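If you want the building blocks of each chain, they are given just below.
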Amino acid sequence: ASDVYKRQHYNNSLGCCNDLQLRQLEQNFQDIDMIFGADCPICALNLKLFWCEFACNPNQSEFLRPQNYVKVKKGEKYYDALNMTFRMSVNSTCFMYKSCDKVPEATMMSSSGQGFLQFQGDHGVDRGASLFDFQFSDEDGDGLKPLRFETYSVSYTHLTLPTILLVQISVVA
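Residues numbered from 1 in each chain as written. Predicted model: local features only at pLDDT ≥ 70, side-chain atom pairs only at ≥ 80, totals over all residues. Heavy atoms only, no water.

**Let's talk about the overall build of the chain**
In plain terms, the rule: A helix here means a DSSP run of H or I that spans at least four residues, while a strand means a run of E at least two residues long, and both kinds are numbered starting from the N terminus. Each residue is assigned to one of three classes by its accessible area relative to the maximum for its type, calculated with a 1.4 Å probe on protein chains only: buried under 20%, partly exposed between the two thresholds, exposed over 50%. In this analysis, two residues are considered to be in contact whenever any of their non-hydrogen atoms come within 4.5 Å of each other. Calculation of accessible area relied on Shrake-Rupley with a 1.4 Å probe; when residues are assessed, cover is drawn exclusively from the protein chains displayed.
Regarding its fold elements, the chain presents six helices and five strands. Scanning the chain from its N terminus toward the C terminus, one meets helices and strands in the order β-α-α-β-β-α-α-α-α-β-β. By residue count, 39% of the 173 residues in the chain fall in the buried class. Expressed as a percentage of contacts within the chain between residues at least 6 apart in sequence, the contacts between residues at least 24 apart total 64%. Roughly 9500 Å² of accessible area belongs to the chain as shown, and the carbon and sulfur atoms make up 52% of that amount.

**Comments concerning the pattern of salt bridges**
Selection rule: Salt bridge, as used here: a side-chain nitrogen of Lys or Arg that lies within 4 Å of a carboxyl oxygen of Asp or Glu.
Enumeration over the complete set of coordinates arrives at four salt bridges. The residue K98 makes a salt bridge to D101 at a minimum N-O spacing of 3.4 Å. What makes K98 exposed here is its relative accessible area of 52%. A salt bridge links D101 to K102; the nearest nitrogen and oxygen atoms lie 3.8 Å apart. Several salt bridges share partner residues, and in doing so they unite K98, D101 and K102 into one network.

**Details of the packing of aromatic side chains**
The description of an aromatic ring pair rests on the distance of the ring centres and on the angle between the ring planes. Our working definition: Whether two aromatic rings pair depends on their centres lying within 6.5 Å, for rings of Phe, Tyr and Trp, where Trp uses its six-membered ring; planes under 30 degrees apart make the pair stacked, over 60 edge-to-face, and the rest tilted.
Scanning the entire structure with this criterion turns up 14 aromatic pairs. When the ring of W51 is compared with that of F54, the centres are 5.7 Å apart and the planes differ by 85°; the resulting orientation is edge-to-face. Of this pair, W51 and F54 both sit in helix α2 (residues 41-56), three residues apart, roughly one helical turn. Look at F54 and F132: their rings are 5.0 Å apart centre to centre, the planes differ by 85°, and that puts the pair in the edge-to-face class. Of the two residues, F54 is situated in helix α2 and F132 in strand β4 (residues 130-136); the sequence distance between them amounts to 78 residues.

**A word on the side chain of S92**
The following threshold applies: Polar contacts, as counted here, are pairs of nitrogen or oxygen atoms within 3.5 Å of one another; within protein the pair requires one atom able to donate a hydrogen and one able to accept it, and residues that are adjacent in sequence qualify only if both atoms are side-chain atoms.
Along the chain, S92 falls in helix α3 (residues 90-100). Among the polar contacts listed, one links the side chain of S92 to the backbone nitrogen of F149, at a separation of 3.2 Å. Apart from residues no more than four positions distant in its own chain, S92 is found in contact with L147, R148, F149 and T151.

**Description of the sheet that holds β4**
Short version of the rule: Pairing between two strands is assigned when DSSP locates at least 2 bridges connecting them. Axes here refer to lines fitted to C-alpha atoms; in helices the fit is confined to the stretch in contact. Angles between the N-to-C directions go from 0 to 180 degrees.
Here we have three strands laid out as an open sheet, ordered β2-β3-β4, and mixed in their pairing. With one partner strand each, in any of the chains shown, β2 (64-74) and β4 form the two edges of the open sheet. The mean inter-strand angle of the sheet, taken between neighbouring strand axes irrespective of direction, is 30°. Sheet topology note: the strand β3 (residues 77-88)/β4 ladder contains seven bridges and is parallel.

Structure representation (structure tokens):
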């Protein structure tokens, strides 16, 4: 199997996820469903879309810049993590958080979209070996463009939700 994958979300353009990243996404998506999906499937969908954009977007270099490796202590363990600057659209962040603000776990993490994402970025070191320095802006800056992605509102009632809910990712031969 090839290490290059296609997703409908990228209009059949090549994404940049490999087998390891896809397995990690699948596990993370199960956790997202368990924590957020029961209370608000739209919140879970928006979180999946966000993390897919982070992991598989073929234009990562436009919104993400690796900085350096750091040691991060979590509990009694130390992790080597890649510290990254992640430029994120304020609007996308706010719309995503708005879809989650009725989920108790989301509001326990933070009272804002920016805090919600920073919490996830700070606490995912043991899973993704990444530490995020989020920059929230709707303007370009520091050589980065903000990541913008489509989010769905809680009032979304269309019966055919995007296929990302099913984590359908096909291998390119």
